[in-house]
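Listed below, chain by chain, are the residues.
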Amino acid sequence: MKKIFTLALGLIFAYSATAQQLVEPCSFDPIFKQQIQNEPGFIEHIKNLDNQIYQLVEKAKKDNSHKAGTILKIPIVFHIIHRGTAEGVAENISVAQVESAVRGMNVFYRNNKNWPNTPVNPFSPNSVDLEIEFCLAQRDPNGLPTNGITRVDGAKYPFYQDQGWINQGQANSNEVEIINDQGWNKNKYYNVFVVAEINNQGGGGSGNVGNANFPPSGSTPSATNDRTVVIWKSTGYCGTGDPCPFKNTSLVAPYDNGTMNHEMGHAFSLYHTFHDKDPNDLSEQGGGTGQPVASCNNANETAANCATSGDRCCDTQRHLGNLGTCPTGKTNECIGAPYDVFTANNCMNYTNCQPLLFTAGQRDRIKAAFSTNTVRINLTNSDGCNSVFAYDLGINTISQPSGFYCDVNVSGKIGVKNYGANTITSATFDILVDNVSVTTYLDRNPGSKL
C-alpha cells in the first residue's frame, strides 16, 4: 500500500551586518547549542536519533529499500500571527500566498516531478525526488472542515507588537505561550508559524528569517517547540509564469520558498551541510556567534566516517558556511578541491546559488528519520489531509470585480476549488441578479478534478 505524507517550508539567504557581525538567516545552530547546554538528555536523544538513522540508511543501501518509492504525505497548518492588519495586508498574508508556499514545497521536495499545474520552474537536474508531499490540513482537531490556516492578532502575546516572535532562551521569550495557545496536536499536524519578525530583527527579509528543530523526544522543552517559524516576507513561491500578486510586496526575492524548504529540512532531521561539530564538545557548537560555525582545522568529518559525522550525508563536501555567497567555481579550502554542485547549491547550505537542491544522501536520511521518531511516524498516519466531506466545491478566489465597483455592466471572475475527497467532473452555478437566476454550467472531461 502506498503511503503519502504532506508538509510545508523555504530560506532566503540574506544577512545583515551589525558591528561587523553577520546574522545567520537560520537559528537552528544557536537553538541546538542551547538545547545541549540546558536540556538533560538532549545529547543522548540526538546520539540515539543519529545512530538509528545511520543503521536504517545502511540497511536500506544493502537491500535497496531506499529506492522503494514510498511517498510520504504530511498535513500542515499555518498559524499567521499578525499585528492587527487586515487579511492580505503585510504580515497577515493572503490565502493565495500560503497556498503558494505549500505548492513551492511540493515542487521542490518532489523536484518538480509530476506536480500538476506547475509552470516552467528552475528546478535542478542534479536534485532528487524526496518523495514527500505537503497538504494544508483539511480537517481541524475537532474533525471540522478547515483550510489549514489560522489567524490571530499577536497583541495578546507579550512583546510581540514590538519584537515579534522571540525564541526560547532569549530575553522576553514568547514562543512557548504562542505555541501552547495556537499550536495543533503535533502528532497529527505539523505547525508552521508565520510571524512579523523573529527576535526583534525586523521582518524585511534580512537577519533571522526562520528556524526549525529536529524531531522531539519525550516531554523535554524541545518537544514543545516542534515547529517551523518563518517571517512573512519569506513565505511563498512564484514559479516562472505565476501571476503572484504578492510578489515584491509581501514576498521578497528570490521567490523560491527557500526558507520554508530549508527549515523543513531541519524538521526532517537534516543538519546544515557545514555541520562538523561533535555534540559532546560544546566549544564546537559555535552557532549564534555571527559566524557560520565550521572550521577546517577542527572538522571531524572524513571520507571514512562521513555517515556518522558532519552532516551525516556522504554526498556533500565538508566545507565552511557560505553565508550570503555562491561558491560555484571556487576552491573548497577544507578539501583543496572545487566545490561540487551538491554542496554549492545545497538547500541546507547558506548559499545564494540557484537552483537549490537536495541530495540522495539527504533523501535517505529523511526517509530513515521518518521511521525512528514517534511524532514523525504519527504524522504519516494522520487523517489531517483527508477531507471531511466527499463532495465540497467552494469559491476559492474572486478576482473580478475587485474592490468597490458600480456600473451597469459588471464582469465577474471567480475561482473554485474542490475541498472534497471525491473527483468532481461537472458543477452548476446559479448567479442571482436582482433575485433572478442566471444558470451556467461548467463541464470537465471525465476524471479531471476541479
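Computed from a prediction, not measured in an experiment: that's the story for all the values here. (Residues numbered from 1 in each chain as written. Predicted model: local features only at pLDDT ≥ 70, side-chain atom pairs only at ≥ 80, totals over all residues. Heavy atoms only, no water.)

Right, let's get into the nonpolar core. With 36 residues, the main nonpolar core has Phe-78, Tyr-109, Phe-134, Tyr-190 and Phe-268 as its most contacted residues. The greatest single-element share of this core, amounting to 6 residues, is contributed by helix 3 (residues 95-109). Formed by 16 residues, the second largest nonpolar core is a distinct cluster that contains Phe-28, Leu-49, Val-57 and Ala-369. (Core = buried A, V, L, I, M, F, W, Y, C linked by side-chain atoms within 4.5 Å. Buried < 20%, exposed > 50% of the residue type's maximum accessible area, 1.4 Å probe, protein only. Helix = DSSP H or I, 4+ residues; strand = E, 2+ residues; numbered from the N terminus.)

The probe, sized like a water molecule, is rolled over the atoms to show the empty space still left. Enumeration according to the criterion identifies 1 cavity of 30 Å³ or more in this entry. In this structure, the largest cavity spans a volume of roughly 50 Å³. Taken together, 10 residues make up the lining of the largest cavity; nearest its centre are Phe-32, Gln-35, Phe-42, Asn-213 and Phe-214. Among the secondary structure elements, those contributing two or more residues to the lining of the largest cavity are helix 1 (28-38) and helix 2 (42-63). Looking at which element gives the most residues to the lining of the largest cavity, the answer is helix 1, with 4 residues. (1 Å grid on protein atoms, 1.4 Å probe; cavity = no way out; pocket = protein on both sides within 12 Å on 5 of 7 lines; lining within 4 Å. Points joined across faces, edges and corners; volume = space filled by probe spheres on them.)

As for its position among the elements, Cys-244 is in the loop between strand 8 (228-231) and helix 7 (258-267). Owing to a relative accessible area of 8%, Cys-244 belongs among the buried residues under this scheme. Measuring from C-alpha to C-alpha, the distance between Cys-244 and Ser-100 comes to 8.5 Å, with 144 residues separating the pair along the chain.

Disulfides are covalent bonds that link the sulfur atoms of two cysteine residues. Going through the model one piece at a time under the given rule, you end up with 4 disulfides. Between Cys-135 and Cys-385 runs a disulfide, and the two sulfur atoms are separated by 1.9 Å. What sets the handedness of the Cys-135 and Cys-385 disulfide is the S-S torsion sign, and at about -95° it is left-handed. Of this pair, Cys-135 sits in strand 4 (residues 132-136) while Cys-385 sits in the loop between helix 10 (374-380) and strand 11 (393-400); the two residues are 250 residues apart in sequence, bridging distant segments of the chain. There is no split in this pair, since Cys-135 and Cys-385 are both buried. Disulfide pairing places Cys-326 opposite Cys-353 at an S-S distance of 2.0 Å. Here the S-S torsion is close to 100°, and the disulfide linking Cys-326 with Cys-353 is therefore right-handed. Linking Cys-326 in the loop between helix 7 and strand 9 (331-332) with Cys-353 in the loop between helix 8 (341-344) and helix 9 (360-369), this pair joins segments that are 27 residues apart in sequence. Residue classification places Cys-326 among the partly exposed positions, given a relative accessible area of 31%. Cys-314 supplies the cysteine sulfur nearest to Cys-313, a cysteine that is in no disulfide, at a spacing of 7.8 Å. (Disulfide = S-S within 2.5 Å.)

Glancing now at unusual backbone geometry. Cis geometry is adopted by the peptide bond preceding Pro-254, which originates at Ala-253 and carries an omega value of 10°. Topologically, Pro-254 is positioned in the loop between strand 8 and helix 7. A cis geometry characterises the amide bond from Gln-354 onward to Pro-355, with omega recorded as -5°. For Pro-355, the location among the structural elements is in the loop between helix 8 and helix 9. Phi at Tyr-255 is positive, roughly 65°, even though this residue is not glycine. Note on placement: Tyr-255 falls in the loop between strand 8 and helix 7. With relative accessibility at 16%, the residue Tyr-255 sits in the buried group. Not every positive phi belongs to a glycine, and Ser-269 is a case in point at roughly 85°. Given the relative accessible area of 0%, Ser-269 is considered buried.

On to the packing of aromatic side chains, then. Applying the stated criterion across every chain, the model contains 16 aromatic pairs. Plain terms: the ring middles of Phe-32 and Phe-42 are 5.5 Å apart, the flat faces sit at 75° to each other, and that makes the pair edge-to-face. Residue Phe-32 is found in helix 1, and its partner Phe-42 is found in helix 2; the two are separated by 10 residues along the sequence. For the pair formed by Phe-32 and Phe-42, the shared burial category is buried. Of the aromatic side chains, those joined through ring pairs into one cluster are Phe-108, Tyr-109, Phe-134, Phe-268, Phe-358 and Phe-370. The lysine or arginine in question, Arg-83, covers the ring of Tyr-160, its NZ or CZ lying 5.7 Å from the ring centre. Its guanidinium or amino end placed over the ring of Tyr-255, Lys-247 lies 4.7 Å from that ring's centre, counting from NZ or CZ. (Phe/Tyr/Trp six-rings, centres within 6.5 Å; stacked < 30°, edge-to-face > 60°. Lys NZ or Arg CZ within 6 Å of the ring centre and 35° of its normal.)

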